[in-house]
Structures are given as structure tokens and as C-alpha cells.
Amino acid sequence: MPDAAYYQPPPSAWPIVGSLALLVLAGGFVLLLAGFAPGAYAMAGGALMLALMLFGWFRDVVRESLSGKLNARVDLSFRWGMVWFIFSEVMFFAAFFGALFYVRRVGVPMLAEADLLWPGYQAGWPTAGPGIREGFTPMAAWGIPALNTLILLSSGATVTWAHWGLKRGRRRQAALGLAATVLLGAIFLALQAYEYMTSLFTIRTGIYGATFYLLTGFHGAHVALGAIMLLVILLRVLAGHFTPTDHFAFEAASWYWHFVDVVWLLLFVFVYWL
């Protein structure tokens, strides 16, 4: 195909399916917070729809990449598309970090000046946050969070090692590095789930609980998505896809994983540590 020809994929229903899946998932979560048990079933249905969407969309994209219709111009568009996608994710988390900093630096001091916090509060975040009561203990940083930090930093190294292997034609190294990265991501999620189950507070525990679970929960969802993407890339490597010079799907997934790593470092510092 001449380079001047630009491949335009046919219309796809998967974005609509994904939007509906997220709507059902979020709606079920809201119902669950309101005390309606059927919300759990709605969340399960939304998660199933999301899994179906990911499988179908990834299948279509893989078929397109193997069709020989994607040229250098399409590759450049993919790269810019991934850059803007990650930028939108940066803005997504920036909104939540902004809320966290506003509450800590503006909201809590204003409420303290108006004497609207519980009597005898200890000055400073998070024990002075709205909705916090005496005896509250925030999540400690030097336990599971510190271990998870080490795990994600290690996963960034393993995915980079895998990329080096693919660029040098060492498919076994690429597969081992990807497998290690996916495994580390799964361990991270398991430890985070354990942290949630053993926590002494919930998302309803004042503004601290709300910001804590929103930030760490959305990050966990991004880790899960990144691990799924890398798992798909691993299967493609094992299937013989990609070459040392043509493997943008691998690069896109690794960019996303490094972004997830950076977000976690910020979470560890500003949510757990400080």
C-alpha cells in the first residue's frame, strides 16, 4: 500500500458498549453506597460488559494491525492519539489531586476558623478533616503502601527490560519481562484489596476517606487496565507478533504503565506519607 493512503477503520460499536459498561458499573457503585444490595449485581454486570468490550475491541485492533493496512502515517496518528489519551488521564488525576490539596490547604483551615470541626481536634490533615471523629487513625505509609511502591517501581524496570529484549530481537526476554510485569501488577492489586478489607475506615469516613478511596481506587482501576493491556501484548509476543522495528502496541502499553507508576509515586507521597 502506498504511504499516501491513509487507512480509516470501519465504524465500531465498542466505544458505545464501553460507555454503557462504565455507566452500569458506576451506577451500581452508587447504589451500593446508598445501601442497596442489588448495586453489587449491577457492578458485576458492568464489569462483565467491560470485559466483553475489551476482548472485542482488542480483537478488532489486532486484526487491523495484522492486515497490512497500517502505514507510517497511521503509526504517527496512533502515537499522537496515545499521547493525548495519557494527557487526558493526567488531567483526570490532576482534578482529584486538586481536590485533595484544596481540602488540605483551604477547606480544613476555613472550617477550623469557623469552629465547625469536632471539639478537641488535632490541628492538621487528616485528623481535622470534615466528618472525622476523635480516635480516627489514617492509613500508615510504611506497610503495604511502601511495599506496593517497590512492586510498581520493579514492574517499571521489568517492562523496560522486556522492551529492550524486543528491540534486540530477543523474544524470550520480552515474554519473560512482560510476564513478570503482569505478575507484579496482580500482586499490587491483591495487596491493595487486602489493604481495603483491613482498613479501619471507609469511603464514608469524612473527606479523608472520600479522597483516599477515590484516588487509590481509580489508580487501582488503571493498574488493572494496564495489566490487561500488557497481558494482551504478552500473548501477541508469544504468538510471534511484532518485530524489533514495528511494535507500537507494545510501546503504547508500556507508556501507559509508566504513567501508572508515576501516579502511584505521587499518591504514596501526598496521600499516604505526608
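Residues numbered from 1 in each chain as written. Predicted model: local features only at pLDDT ≥ 70, side-chain atom pairs only at ≥ 80, totals over all residues. Heavy atoms only, no water.

A short note on the overall build of the protein chain
Each helix and strand in the protein chain was counted, giving 7 helices and 0 strands. Starting at the N terminus and walking to the C terminus, you meet the elements of the protein chain as α-α-α-α-α-α-α. With 274 residues in all, the protein chain has 38% of them scored as buried. Pairs at least 24 apart in sequence give 74% of the contacts found in the protein chain among residues at least 6 apart. (Helix = DSSP H or I, 4+ residues; strand = E, 2+ residues; numbered from the N terminus. Buried < 20%, exposed > 50% of the residue type's maximum accessible area, 1.4 Å probe, protein only. Contact = heavy atoms within 4.5 Å.)

A word on the environment of L150
Within the fold, L150 resides in helix α4 (residues 144–167). The class of L150 is exposed, set by a relative accessible area of 53%.

Looking at helix α7 (residues 248–273)
With 26 residues, α7 should reach 38 Å at 1.5 Å per residue; the first-to-last C-alpha distance of 36 Å fits that figure. Within α7, the axis deviates most sharply at L267, by approximately 30 degrees. (Expected span 1.5 Å × (residues − 1). Bend = angle between axes of the 7 residues up to and from the residue.)

Here we look at the pattern of salt bridges
Opposite charge on two side chains permits pairing when their charged atoms draw close. Throughout the structure, instances matching the rule amount to 2 salt bridges. Among the salt bridges present, the one from R59 reaches D60, with a minimum N-O distance of 3.2 Å. (Salt bridge = Lys/Arg side-chain N within 4 Å of Asp/Glu carboxyl O.)

This is a description of form; function is not addressed.
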